[in-house]
Amino acid sequence: MADFFKKLFGGKEEKKTEMDAATTAPLTDQQINSIIASQNVKYEMKQLIASVGQSVGKQREHNEDSVLALTSTISGSSENVPFGLYIVADGMGGHQFGEVASNAAIRLIAGNVMKKFHSYLYHLPTQSLQESLQEVMEIAIMEAHQYVQREAPGSGTTVTAALVLGQQMTIAHVGDSRAYSVYPDGRVEALTRDHSLVKRLEELGHLNKDEVDNFPHRNVLIRALGQGETLEADIFTIPFPQGGNLMICSDGLWGVVNEKDIVRIINDAPNLHRASQSLVEAANAAGGPDNITVALINLIG
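Residues numbered from 1 in each chain as written. Predicted model: local features only at pLDDT ≥ 70, side-chain atom pairs only at ≥ 80, totals over all residues. Heavy atoms only, no water.

**Some words on the layout of surface pockets**
Unoccupied space between atoms shows up once a probe the size of one water molecule is rolled over them. How we decide: The distinction between a cavity and a pocket rests on a 1 Å grid over the protein atoms alone: a 1.4 Å probe fits inside a cavity but cannot get out, while a pocket stays open yet meets protein on both sides within 12 Å along at least five of seven lines, and a residue with an atom within 4 Å of a point counts as lining. Grid points are joined across faces, edges and corners, and a volume is the space filled by probe spheres set on the points. Segments assigned H or I by DSSP are reported as helices when at least four residues long, segments assigned E as strands when at least two residues long, and all are numbered from the N terminus.
Empty space within the second largest pocket amounts to approximately 510 Å³. Forming the walls of the second largest pocket are 19 residues, and the residues nearest its centre are R178, V212, D213, R218 and W254. For the lining of the second largest pocket, the secondary-structure elements that each account for two or more residues are β6 (178-182), α5 (197-203) and α6 (209-213).

**Points about the packing of helix α3 (residues 98-121) against helix α4 (residues 133-151)**
Put simply, the test is: Note on method: axes are straight lines fitted to C-alpha atoms, helices fitted across the in-contact stretch only, with angles between N-to-C directions ranging 0 to 180 degrees. Crossing chirality is assigned from the near helix's rotation relative to the far helix, an anticlockwise turn below a right angle marking it left-handed and a clockwise turn marking it right-handed. By definition in these notes, contact holds between two residues if any of their heavy atoms fall within 4.5 Å.
Axis separation between α3 and α4 bottoms out at 8 Å; the angle between their running directions is 145°. Read as a crossing pair, α3 and α4 show a hand that is right-handed. Across the interface between the two elements, A101, A104, A105, R107, L108, I109, N112, V113, K116 and F117 of α3 pack against L133, V136, M137, A140, I141, E143, A144, Y147 and V148 of α4.

**Some thoughts on the nonpolar core**
Keep this limit in mind: Residue types Ala, Val, Leu, Ile, Met, Phe, Trp, Tyr and Cys, when buried and joined through side-chain atoms within 4.5 Å, form a set referred to as a nonpolar core. We call a residue buried when its accessible area falls under 20% of the maximum for its residue type, exposed when it is over 50%, and partly exposed in between, using a 1.4 Å probe and counting protein chains only.
Grouped together as the largest cluster of nonpolar side chains are 36 residues, with contacts concentrated most on I87, V113, F117 and V159. With twelve residues, the single largest contributor to this core is α3. Formed by 20 residues, the second largest nonpolar core is a distinct cluster that contains Y180, V182, C249 and V263.

**Quick look at the packing of aromatic side chains**
Applied cut-off: Geometry of aromatic contacts follows a simple scheme: Phe, Tyr and Trp rings, the Trp one being its six-membered ring, pair when their centres are within 6.5 Å, and the pair is stacked under 30 degrees between planes, edge-to-face over 60, tilted otherwise. Charge-over-ring contacts are defined here by two conditions on Lys NZ or Arg CZ: a distance within 6 Å of the ring centre and an angle within 35 degrees of the ring normal.
Scanning the model with the defined rule gives one aromatic pair in all. Taking the centre distance of 5.0 Å and the plane angle of 55° together, the rings of F83 and F117 count as tilted. Note that F83 is positioned in strand β3 (residues 80-91) and F117 in helix α3, a separation of 34 residues in sequence. On the basis of relative accessible area, F83 is assigned to the buried category, the value being 0%. Against the face of W254 rests R178, its NZ or CZ located 3.4 Å from the ring centre. It is R187 that lies over the ring of Y183; its NZ or CZ is 4.0 Å from the centre.

**Quick look at the sheet that holds strand β9 (residues 245-249)**
Test applied: Here, any two strands with at least 2 DSSP bridges between them count as paired.
Overall, antiparallel pairing links the five strands, which are arranged β1-β10-β9-β6-β7 in an open sheet. Of all strands in the sheet, those with a lone pairing partner are β1 (47-55) and β7 (188-190), marking the two edges. Across the sheet, the mean angle separating the axes of adjacent strands is 20° when strand polarity is ignored. Where β6 meets β9, five bridges bridge the pair, whose relative direction is antiparallel. Bridge assignment links R178 to a residue of β9, and that residue is C249. Along the sheet, helix α9 (residues 272-285) makes contact with β1, β9 and β10 (292-300), crossing β1 at roughly 25°.

**Re the confidence of the model for the chain**
As a reminder, the rule being used: Each residue carries a pLDDT score, the predictor's confidence in it, ranging from 0 to 100.
In the predicted model, the chain carries a mean pLDDT of 87, and the fraction of residues at 70 or more is 85%. Counting interchain partners and residues more than four positions distant, the pLDDT-below-50 stretch residues 11-21 has three contacts.

**With respect to the pattern of salt bridges**
What counts here: Note on definitions: salt bridges are taken to be side-chain nitrogens of Lys or Arg within 4 Å of carboxyl oxygens of Asp or Glu.
Overall, the coordinates contain twelve salt bridges when judged by the stated rule. D194 is paired through a salt bridge with R178; the nearest N and O atoms lie 2.6 Å apart. Residue D194 is located in the loop between β7 and α5, and its partner R178 is located in strand β6; the two are separated by 16 residues in the primary sequence. When its relative accessible area of 7% is taken as the criterion, D194 is described as buried. Among the salt bridges present, the one from D234 reaches R223, with a minimum N-O distance of 3.5 Å. Taken together, the residues span a long stretch of sequence, with D234 in strand β8 (residues 234-239) and R223 in the loop between α6 and β8 at a distance of eleven residues. With relative accessibility at 18%, the residue D234 sits in the buried group. Judged by its relative accessible area of 22%, R223 is partly exposed. What you see here is one network of salt bridges that share partners, running through R193, R200 and E203.

**Examining the pairing of β10**
In terms of burial, β10 is a largely internal element, nine of the nine residues being buried. By the alternation rule, side chains of β10 split into I292, V294, L296, N298 and I300 and T293, A295, I297 and L299, which are all buried. Here β1 pairs with β10 via nine bridges, running antiparallel. The residue bridging I49 from the neighbouring strand is N298, located in β10. As paired strands, β9 and β10 are joined by five bridges and run antiparallel to one another.

**Notes on the environment of N219**
Within the element layout of this structure, N219 appears in the loop between α6 and β8. Residue classification places N219 among the exposed positions, given a relative accessible area of 52%.

**Points about the sheet that holds strand β5 (residues 168-174)**
Within the open sheet, the five strands sit side by side as β2-β3-β4-β5-β8. Their pairing is antiparallel. Lying at the two open borders of the sheet, with one neighbouring strand each, are β2 (65-75) and β8. Recorded for the sheet is a direction-independent mean angle of 10° between the axes of neighbouring strands. Two elements, β5 and β8, share six bridges in a ladder whose sense is antiparallel. Bridge pairing links H173 to D234 in β8.

Set out below in structure tokens:
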């Protein structure tokens, strides 16, 4: 990572730009919709846009999900690099303080990751980042795991986090919250593998698709942050889905709304904000049996 930031903050001379004397004003809704509808829209640089939606659902009395969406850029002498951190955590039902575990996981992971990028994001004296992005995420996950065990014993949570830097993303995953790539042509690619009993039985060939869909213990996890002495998180780096959306969600969405309807809702929505709200509404319309959380992220430019 040190080479990446050395290149970004290299010694190129600062370009002198002329002062833009044009008057600025907020765009109207009509202007925004016109820009979105345009097939030839051009952006000056790569940038991330994101939206989140959340609901307690129709059958739960309180919310055990937590979500974080942070979008920025890292400005260097040579280019501006999109930066984003997006996390969904689902506190484990049946355990005490599930909401405490999910909220602690969000705060601990975000706090540790942001400490590493603080100097780059806020133009402070640069502290060289020696760890890889995967090591940064692993350290953050493990510190959150130890914190939950120490401060909220008996609780647990799923975690799916995506650290986006430039056109790549590093995903850290424990449990059965999910990350997907969703494309306008209808393709849906699951990026994470559930750490659940039903998924394990399916992988071992003990359950067929119908049995998986009707398995009575679909919420039983075999890995969760805060549970067990050791924790192994799935951590990997892949390209951001160009032309599509990254979607991170809890099982209150993916376990209730099928993939075909998820794609249709996203494609029919005029913007990400409306899409995230419509996904939550669809889960509630289907009964809302659990807390619902979704984060949608798009890389434009």
